[in-house]
Amino acid sequence: IQKLSSIIYILKQKSFGSTMKSTGARFVSRLTNNTMALVLAGGRGERLGVLTDWRTKPAVPFGGKFRIIDFTLSNCMHSGINKVCVLTQYKSHSLIRHLIKGWTKINNDSGDFLDIVPAQQWTDNETWFQGTADAVFQSLDIIESHGPEYVIILAGDHIYNMDYGEMLAEHVNNGADFSVACFAIEREKAAHQFGVLSVNENGRIIDFEEKPKDPKTISGEDNKALVSMGIYVVSQKYLSSMLRDDAVSERSNHDFGKDIIPEGLRRGDHFHAYMFRNPTNDDPPYWRDVGTVDSYYAANMELLEPEPPLNLYDKAWPIATYQRQLPPAFIKPGKDDSDIQSSIIGSACVIENSEIRRSVIFSEVRVGSGCKISGVLALGGCKIGANCHLQNVILDNGCIVPPGSIIGFDPKADAEKFYITREGVVLINRQMLGQGIRYNPEF
């Protein structure tokens, strides 16, 4: 990661030259140099079920070698925003270890930093964070001590690539008080899940509803709604004023979507909608909220398409992470060679004479001989015994699947032992297999 951060400037000059020129490279760099990123990484992630039993959602593994938070932090690095605070709260040990080992050493000598900020309970009632706005309010002393001109507030639990510099430039050019990154999705998916915006012809937000039952559609598109991505740009001065007013309000939920944005609109402040764009080309932008087991599974499976919507191999926008130094994967020779198609195989995996289809096999997984595996996410350290047949299964880290197991073919039988999602994905952890919960922060 340290080497990667040192060549970001060169990558931008080669890959983003035309984009940077159109907005003024020097103008954008001055903005990013005077911006602090706050990454909200303290959520419970309860809808991910047992995947967040002992780790917070941003620490959940993704794509064979990454953690979910790596995408947000890589966006900061590529955007030239190298003053970052990660706000943690629940089940944070695995996340903190990952950040310390892989991210906290970036450019320390040049004044940049990544700080890990636990919940500090600075309020009089000594509570945990009451909402997203309260989480930032309780860190105002840290923000103000660094004196950034702008603050960008980010969620640490989404999968996407985004150049935050472009959003900063648009925020300043429009003279906005507060900017919200937004994304058009199908109306049905917007209900009960996201904040929904209405904007005028100049991109100014004229209405905002947090998780409405009946989402408003985009003008001229009856099946699309404009939703908030939970990414906000604001001046440090305006942010401090709004949060201090909100903190003393007894009626407030102390949340950006429920309180800060609606209150700003009520006051007539300039709230701007930034339309999310692909940072490297004109393809449709990619953004996934992997907040449920089914959405998490689907996002991983998308990586196995012939032309995946998220390109993990884009040299213009590499995703940085931390992973231990491990040997390469090994496909062992035998009487019948393994047949592996449309799959990702992580480091230090050992596979014996097995058939693997459309699966993501994370690091240090062992697959015994005679297995047939299809649509499987096997997180780090799993051991799949010989002659197992697995279909549409997620194995949490360290699962030891007994030889001859057949999972994913009989929903009724699977439901007696495991968790089955609405889409029929079988989610399994060690406890369900009678092996106890072995906490291993490396996975």
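What you are looking at is a predicted structure, and each value in this text was computed from that prediction instead of being measured.

What counts, and where the lines are drawn
Residues numbered from 1 in each chain as written. Predicted model: local features only at pLDDT ≥ 70, side-chain atom pairs only at ≥ 80, totals over all residues. Heavy atoms only, no water. Helix = DSSP H or I, 4+ residues; strand = E, 2+ residues; numbered from the N terminus. Contact = heavy atoms within 4.5 Å. Areas by Shrake-Rupley, 256 points an atom, 1.4 Å probe, with all protein chains shown as cover. Salt bridge = Lys/Arg side-chain N within 4 Å of Asp/Glu carboxyl O. Buried < 20%, exposed > 50% of the residue type's maximum accessible area, 1.4 Å probe, protein only. Arc of directions from axis to C-beta. Polar contact = N/O pair within 3.5 Å; in protein donor to acceptor, adjacent residues only side chain to side chain. Pairing = 2+ DSSP bridges. Axes fitted to C-alpha atoms, helices over the stretch in contact; angles between N-to-C directions. Parallel < 35°, antiparallel > 145°, perpendicular 65-115°, else oblique. Nonpolar A, V, L, I, M, F, W, Y, C, P; charged D, E, K, R; others polar. pLDDT = per-residue confidence, 0-100. Core = buried A, V, L, I, M, F, W, Y, C linked by side-chain atoms within 4.5 Å.

**Things to note about the overall build of the protein**
Turning to step 1, where the next piece is worked out: Of the regular secondary structure elements, the protein holds 14 helices and 27 strands.
Turning to step 2, where the next piece is worked out: Intrachain contacts of the protein at a sequence separation of at least 6 include 61% that bridge at least 24 residues.
Turning to step 3, where the next piece is worked out: With an accessible surface of roughly 19900 Å², the protein has 47% of that area assigned to carbon and sulfur atoms.

**As for the pattern of salt bridges**
Turning to step 1, where the next piece is worked out: Per the stated rule, a full pass over the model turns up 16 salt bridges.
Turning to step 2, where the next piece is worked out: Across the pair Asp207 and Lys216 runs a salt bridge whose closest N-O atoms are separated by 2.9 Å.
Turning to step 3, where the next piece is worked out: Judged by relative accessible area, Lys216 falls into the partly exposed class, the value being 40%.
Turning to step 4, where the next piece is worked out: A salt bridge links Glu355 to Arg357; its shortest N-O distance comes to 4.0 Å.
Turning to step 5, where the next piece is worked out: Judged by its relative accessible area of 23%, Arg357 is partly exposed.

**Structural notes on helix α6 (residues 93-102)**
Turning to step 1, where the next piece is worked out: Here α6 has its buried residues at Ser94, Leu95, His98, Leu99 and Gly102. Buried residues of α6, viewed axially, fall in a sector of 130°; they line one side.
Turning to step 2, where the next piece is worked out: Contact partners of the buried residues in α6: β3 (66-67), α5 (69-79), β4 (83-88) and β5 (113-118).

**Here's the deal with the side chain of Asn397**
Turning to step 1, where the next piece is worked out: Secondary-structure assignment places Asn397 in the loop between β23 (389-395) and β24 (400-401).
Turning to step 2, where the next piece is worked out: You can call Asn397 buried: its relative accessible area is 4%.
Turning to step 3, where the next piece is worked out: Within the structure, Asn397 has its side chain in polar contact with the side chain of Arg55 (distance 3.3 Å).

**Details of the sheet that holds strand β22 (residues 383-384)**
Turning to step 1, where the next piece is worked out: Taken together, the 5 strands give an open sheet; going across it, the order is β14-β17-β20-β22-β24, and neighbouring strands pair in parallel fashion. In this open sheet, the two strands that pair with only one neighbour each are β14 (330-332) and β24.
Turning to step 2, where the next piece is worked out: Judged from the 3 bridges that link them, β14 and strand β17 (residues 350-352) form a sheet pairing that is parallel. Directly across from Lys332, in β17, lies its bridge partner Glu352.

**A short note on the environment of Asn200**
Turning to step 1, where the next piece is worked out: Within the fold, Asn200 resides in the loop between β9 (195-199) and β10 (205-210).
Turning to step 2, where the next piece is worked out: Taking the relative accessible area as the measure of exposure, Asn200 reaches 24% and is therefore partly exposed.
Turning to step 3, where the next piece is worked out: When the C-alpha positions of Asn200 and His272 are compared, they lie 9.7 Å apart, and in sequence the two are 72 residues distant.
Turning to step 4, where the next piece is worked out: Here Asn202 takes part through its backbone nitrogen, which lies 2.9 Å from a polar atom of the side chain of Asn200.

**What about the pairing of strand β21 (residues 372-378)?**
Turning to step 1, where the next piece is worked out: With respect to burial, β21 is a largely interior element, 5 of its 7 residues being buried.
Turning to step 2, where the next piece is worked out: In terms of strand pairing, strand β18 (residues 355-357) meets β21 through 3 bridges, oriented parallel. If you follow Ile356 over to β21, its bridge partner there is Ile373.
Turning to step 3, where the next piece is worked out: With 2 bridges connecting them, strand β19 (residues 360-361) and β21 associate as parallel partners.

**Things to note about the packing of helix α4 (residues 25-33) against helix α9 (residues 164-173)**
Turning to step 1, where the next piece is worked out: At a closest axis distance of 9 Å, the pairing of α4 and α9 adopts a crossing angle of 95°. Looking at the two axes, α4 sits roughly perpendicular to α9. From α4, Phe27, Val28, Leu31 and Thr32 reach across to α9, where they touch Gly165, Leu168, Ala169, Val172 and Asn173.
Turning to step 2, where the next piece is worked out: Tallied by class, residues from the contact of α4 with α9 come to 6 nonpolar, 3 polar and no charged.

**Re the confidence of the model for the protein**
Turning to step 1, where the next piece is worked out: Per-residue confidence for the protein gives a mean pLDDT of 88; residues scoring 70 or more make up 90%.
Turning to step 2, where the next piece is worked out: In the model, residues 6-22 has pLDDT below 50 throughout and makes 18 contacts with residues more than four positions away in sequence or in other chains.

**A few points about the nonpolar core**
Turning to step 1, where the next piece is worked out: Counting residues in each nonpolar core, the largest one holds 40 residues, and the members touching the most others are Met162 and Ile231.
Turning to step 2, where the next piece is worked out: For this core, the leading source of residues is strand β11 (residues 224-235), giving 5 residues.
Turning to step 3, where the next piece is worked out: Aside from chain neighbours lying at most four places away, what touches Met162 is Asn75, Ser79, Met167, Ala181, Met229, Ile231, Tyr274, Phe276, Pro279 and Trp317.
Turning to step 4, where the next piece is worked out: Listed in part, the 33 residues of the second largest apolar core include Met36, Leu239, Ile260 and Ala273.

**Observations concerning unusual backbone geometry**
Turning to step 1, where the next piece is worked out: A positive phi angle, near 45°, is found at Lys91, a position not held by glycine.
Turning to step 2, where the next piece is worked out: Looking at the element boundaries, Lys91 is found in the loop between β4 and α6.
Turning to step 3, where the next piece is worked out: Positive phi, close to 60°, is recorded for Asn387, a residue that is not glycine.

**Looking at the environment of Arg422**
Turning to step 1, where the next piece is worked out: As for its position among the elements, Arg422 is in the loop between β26 (419-420) and β27 (426-428).
Turning to step 2, where the next piece is worked out: Judged by relative accessible area, Arg422 falls into the exposed class, the value being 85%.
Turning to step 3, where the next piece is worked out: When the C-alpha atoms of Arg422 and Val293 are compared, they prove to be 9.3 Å apart, with 129 residues separating the residues in sequence.

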